[in-house]
Amino acid sequence: MSQERSEAVVLRGVDFSETSRIVTLLLPARGRMACLAKGARRKKSAFGGALDTLNRIEAIYYWRDGREVQQLGEASILDAYGGIKASLEKSAFSSFPLEVAYRVAHENEPSQELFSTLVHGLESLERWDRSPQAHACWQVVQLLITAGFEPTLEVCVDCGRPVSGAAGFAYRGGVTCDGCAGDRRLTARELDDMRALAGSRASCPRIEPMPSLFKLLRAYASQQLETDFRSARVIEEILGL
Ligand SMILES: [Zn+2]
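Thresholds applied
Residues numbered from 1 in each chain as written. Predicted model: local features only at pLDDT ≥ 70, side-chain atom pairs only at ≥ 80, totals over all residues. Heavy atoms only, no water. Helix = DSSP H or I, 4+ residues; strand = E, 2+ residues; numbered from the N terminus. Contact = heavy atoms within 4.5 Å. Pairing = 2+ DSSP bridges. Buried < 20%, exposed > 50% of the residue type's maximum accessible area, 1.4 Å probe, protein only. Axes fitted to C-alpha atoms, helices over the stretch in contact; angles between N-to-C directions.

Caption draft 1: Looking closely at the environment of A105. Relative to the helices and strands, A105 resides in the loop between α2 (88-104) and α3 (112-127). In this structure, the C-alpha to C-alpha distance between A105 and R32, residues 73 residues apart in sequence, is 5.6 Å. With sequence-adjacent residues up to four places away left out, A105 is seen in contact with L26, R32 and L114.

This is the structure we're talking about:
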C-alpha cells in the first residue's frame, strides 16, 4: 500500500455505514477512483465539507493495486465553486457534464486531458453570466470529444457526403444527409450551434439556449455510452425543457 497525493474532482458520493462515505473522484493520473472516507459523516469529521460533489480538492489516499475502493486519508478544498453552487440553475445544469465525466472516465488510467477539460469547464461555468443550459451543452460536447466520442458534423455519418444547412442526426454517430436515415431532423441553426459547441475548445460560444439541442446531446451521449443520463432527465423535468 502506498500513500499518494493528488488533485481531484469529487464526481459523486454515497453514504456508507453509519459514519462513513464512499466518494468517487476523478484524478489526472488515476482516472476514476472510488474512495472510502472513514468518519466523513461524523459532525466533527476532519473532511468537513471537502467531499461535496463538484469540489476540486487535494486528496491524500492510500493506494493498493486491485482494490475496488481505496482509502482516503485527508482532503482539503482547492475550489468549492461557490459561484456554481449559489445558483440553482448553474448547479442543476452542472450535474450533466459531471455525470458524463463519471461515465467516460476509466479506473486506474491516466486521464490528464479529461481532468483538465472538466476543471476548465467548471471554472468557466463559475464565471459564466449567460445561459447555463448552453454552457452545459458546451461542456458535454467538449468532454465527449476528449473521451473519443466526437460527433461527425461536417459529412454524413453513413455515406460521407458533405452536409450543410438542414440535415438529419443519427445518435450512433452524427449528422446524416437527405438520402440517409437519421433519428431526427436537424435545423440549420441546430447544426450551426453543434459545430460552434464542438469547435470552440477554449471557451463556451455565445449561443442561445436551445432545449432541443440539450435533448439531442442527452440522447447522443446515452447511445454512445450505453447509459441513461439520469442527471439530464432530472434537469429536463425540473426546468421543464
Ligand atoms: Zn448520407
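Caption draft 2: Molecular detail of the pairing of strand β5 (residues 69-79). For strand β3 (residues 31-37) and β5, the ladder comprises three bridges, and the chain directions are parallel. Counted as the bridge partner of C35 is Q70 from β5. One ladder, built from seven bridges, connects strand β4 (residues 56-63) with β5; its direction is antiparallel. For Y61, the partnering residue across the bridge sits in β5 and is L72. Counting the residues between successive antiparallel strands, the hairpin from β4 to β5 contains five residues, one of them, G66, with a positive phi of roughly 85°.

Caption draft 3: Representation of unusual backbone geometry. One non-glycine residue, S17, adopts positive backbone phi at about 60°. The backbone of Y81 sits at a positive phi, close to 50°, despite the residue not being glycine. One can find Y81 in the loop between β5 and α1 (82-85).

Caption draft 4: Local environment of the environment of A75. By the element assignment, A75 lies in strand β5. Since its relative accessible area comes to 13%, A75 is described here as buried. A sequence separation of 28 residues divides A75 from F47, and the C-alpha atoms of the two residues are 6.0 Å apart. Leaving out residues up to four positions away in the same chain, A75 has contacts with F47, A50, L51, I57 and E58.

Caption draft 5: Up close: the sheet that holds strand β8 (residues 184-186). Overall, antiparallel pairing links the three strands, which are arranged β7-β6-β8 in an open sheet. With one partner strand each, in any of the chains shown, β7 (174-176) and β8 form the two edges of the open sheet. Each neighbouring strand pair of the sheet contributes to a mean axis angle of 45°, computed without reference to strand direction. Pairing analysis gives three bridges linking strand β6 (residues 167-170) to β7, with the strands arranged antiparallel. By the bridge assignment for β7, G168 is matched with T176. Contacting β6, β7 and β8, helix α5 (residues 188-199) runs over the sheet at an angle of about 75° to β8.

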